[in-house]
Amino acid sequence: MPAETPEDYLRRVDAVLGGVIDDVVGAVGVPLSVSRDSGVPDLPAEHYGVLVRAIVGQNISNVAAQAIFGRIVERYGGRTPTPEELLADEPDALRTAVGLSRAKTASLRSLAEHVISGELELERLPELPDDEVVAQLTAIKGIGRWTAEIFLIFHLLRPDVLAVGDLEIRRTVEAAYKLSELPKPAEVEQLGEAWRPQRTLAGMYLWRWRAVQRGGA
């Protein structure tokens, strides 16, 4: 008897999510996987660059985030600026040149300061449990739980992280489960308890499902 796949497990514990999985696999042609390729298309390879890109991408579309991050990279010679370079840049000049908000400019500077001071030890993050990574990252001004979870999911590739506050996931849950209103993050978290220890993969399918429903893959 063949071993149970992660998709089989999720179908078994949640029939509605099973339908979401079937729709996505039918449209894409292959099962999804927890990998860097399934995440943000321009995600840098190093921890610091990923956090810079994540801050830029907060609360805006992927297209807008790609454009702003591209201008940041261009400003610093085709690469992510180092913490020292970012702090040496005049904040208002950086903000207006690349199209950042004041809040995100302040958040990028806070990230750089935490790295330089040693308060954030980037190289230790892969060794830490999920909740400790979240605690380390959310200590930085402007980095909330969503950004920390995106770092865990798409960069550290942790298998059991569900971004319950993500608007796209909440909208998918509302539609797929035929709810009368947009669920609160706590409601998504409660629903996702059944998906442990495959919540990251479940989230991947929830993210992809709405694109499939709109006629994309």
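Relevant structure appears above.
Since we're looking at a predicted model, the values are computed, not measured. What you see as residue numbers is a count from 1 along each chain, following the sequence as written. The model is predicted, so local features are restricted to residues of pLDDT at least 70 and side-chain atom pairs to those at 80 or more, both for listing and for counting; the totals for chains, interfaces and linings are taken over all residues. With hydrogens and water excluded, all non-hydrogen atoms of the structure serve as input to the side-chain values.

Quick look at the overall build of the protein now. Helix and strand counts for the protein stand at 12 helices and 0 strands. The reference for a compact globule is 2.2 Å times residues^0.38; the radius of gyration itself is calculated from the C-alpha atoms. The C-alpha atoms of the protein give a radius of gyration of 18 Å, which matches the 17 Å a tight globule of 217 residues would have. Relative to its 217 residues, the protein shows a buried fraction of 44%. For the protein, contacts bridging at least 24 residues in sequence account for 61% of all contacts bridging at least 6. Working definition of accessibility: Shrake-Rupley area with a 1.4 Å probe, residue cover restricted to the visible protein chains. Accessible surface for the protein amounts to roughly 10700 Å². Of this, 53% is attributable to carbon and sulfur atoms. Only four residue types enter the tally: Lys and Arg on the positive side, Asp and Glu on the negative side, with His and both chain ends excluded. We put the charge of a Lys on NZ, of an Arg on CZ, of an Asp on CG and of a Glu on CD. Taking the average place of the 24 positive charges on the side chains of the protein and the average place of its 32 negative ones, the gap between the two points comes to 5 Å. For the purposes of this entry, the term helix denotes a DSSP run of H or I that reaches at least four residues, the term strand denotes a run of E that reaches at least two, and both are numbered from the N terminus. Residue exposure (1.4 Å probe, protein chains only): buried if accessible area is under 20% of the type maximum, exposed if over 50%, otherwise partly exposed. Contacts were defined at the residue level, with two residues in contact if any of their heavy atoms lie within 4.5 Å.

What follows deals with the packing of aromatic side chains. Ring pairs shown here join Phe, Tyr and Trp side chains whose ring centres sit within 6.5 Å, with only the six-membered ring taken for Trp; geometry is labelled stacked below 30 degrees between planes, edge-to-face above 60, and tilted in between. A full pass over the atoms with the stated rule returns 1 aromatic pair. Seen from their ring centres, Phe154 and Trp207 are 5.4 Å apart, and the 35° between their planes marks the pair as tilted. You can see Phe154 sitting in helix α9 (residues 145–154) and its partner Trp207 sitting in helix α12 (residues 199–213), a full 53 residues away along the chain. In this structure Phe154 comes out as buried when scored by relative accessible area, which is 8%.

Definition of nonpolar core: a set of buried residues of the types Ala, Val, Leu, Ile, Met, Phe, Trp, Tyr and Cys, connected through side-chain atoms within 4.5 Å. Among the nonpolar cores identified, the biggest contains 61 residues, and Leu17 and Leu137 are the most heavily contacted of them. The greatest single-element share of this core, amounting to 8 residues, is contributed by α12. Excluding residues within four positions of it along the chain, Leu137 makes contact with Leu51, Leu120, Leu125, Ile143, Ala148 and Phe151.

Salt bridge criterion: a side-chain nitrogen from Lys or Arg within 4 Å of a carboxyl oxygen from Asp or Glu. Under the criterion given, the structure shown has 15 salt bridges. Residue Arg12 is joined to Glu4 by a salt bridge in which the shortest nitrogen-to-oxygen separation is 2.8 Å. Taking the relative accessible area as the measure of exposure, Glu4 reaches 44% and is therefore partly exposed. For Asp130, the salt bridge identified is with Arg158, shortest N-O distance 2.6 Å. Here Asp130, found in helix α8 (residues 130–138), pairs with Arg158, found in the loop between α9 and α10 (167–176); they are 28 residues apart in sequence, far enough to count as distant. Given the relative accessible area of 13%, Arg158 is considered buried.

Our next topic: the side chain of Lys104. Summarising the element assignment, Lys104 is placed in helix α7 (residues 102–117). Its relative accessible area of 12% is what places Lys104 among the buried residues. Sequence-distant contacts of Lys104, that is, excluding residues within four places in its chain, are made with Ile55, Val56, Gly57, Gln58 and Ile60.

With that out of the way, let us pick up the side chain of Gln58. In this fold, Gln58 is placed in the loop between α3 (47–56) and α4 (62–75). Counted as a polar contact is a pair of N or O atoms within 3.5 Å, where, for protein atoms, one must be capable of donating a hydrogen and the other of accepting one, and residues adjacent in sequence contribute only when both atoms are in side chains. Within the structure, the side chain of Gln58 is placed 3.3 Å from the backbone oxygen of Gly142, a separation counted as a polar contact. Ignoring anything within four residues of it in the chain, the contact list for Gln58 reads Lys104, Gly142, Ile143, Gly144, Trp146 and Thr147.

So, about the packing of α9 against α12. Note on geometry: axes are lines fitted to C-alpha atoms, helical ones only across the stretch in contact, with angles between N-to-C directions running from 0 to 180 degrees. Orientation of α9 relative to α12, taken along the N-to-C sense of each, is 105°, at an axis distance of 11 Å. Taken as axis vectors, α9 and α12 run roughly perpendicular relative to one another. Side by side, α9 and α12 meet where Ile150, Ile153 and Phe154 of the first sit next to Thr200, Met204 and Trp207 of the second. Any angle between 65 and 115 degrees counts as roughly perpendicular, while under 35 counts as roughly parallel, over 145 as roughly antiparallel, and the rest as oblique.

This part covers the packing of α3 against α9. Two quantities define a packed helix pair, namely the angle between the helix axes and the distance between the axes. Where α3 meets α9, the closest approach of the two axes is 10 Å, and the angle between their N-to-C directions is 135°. Overall, the two elements α3 and α9 adopt an arrangement that is oblique. Here α3 and α9 pass one another in a crossing that is right-handed. Residue-level contacts link His47, Val50, Leu51, Ala54 and Ile55 of α3 to Trp146, Thr147 and Phe151 of α9. Residues are grouped as follows: Ala, Val, Leu, Ile, Met, Phe, Trp, Tyr, Cys and Pro are nonpolar; Asp, Glu, Lys and Arg are charged; all remaining types, including Gly, are polar. Residue composition of the contact of α3 with α9, grouped by class: 6 nonpolar, 2 polar and no charged. The crossing is said to be left-handed when, going from far helix to near helix, the turn is anticlockwise and less than a right angle, and right-handed when the turn is clockwise.

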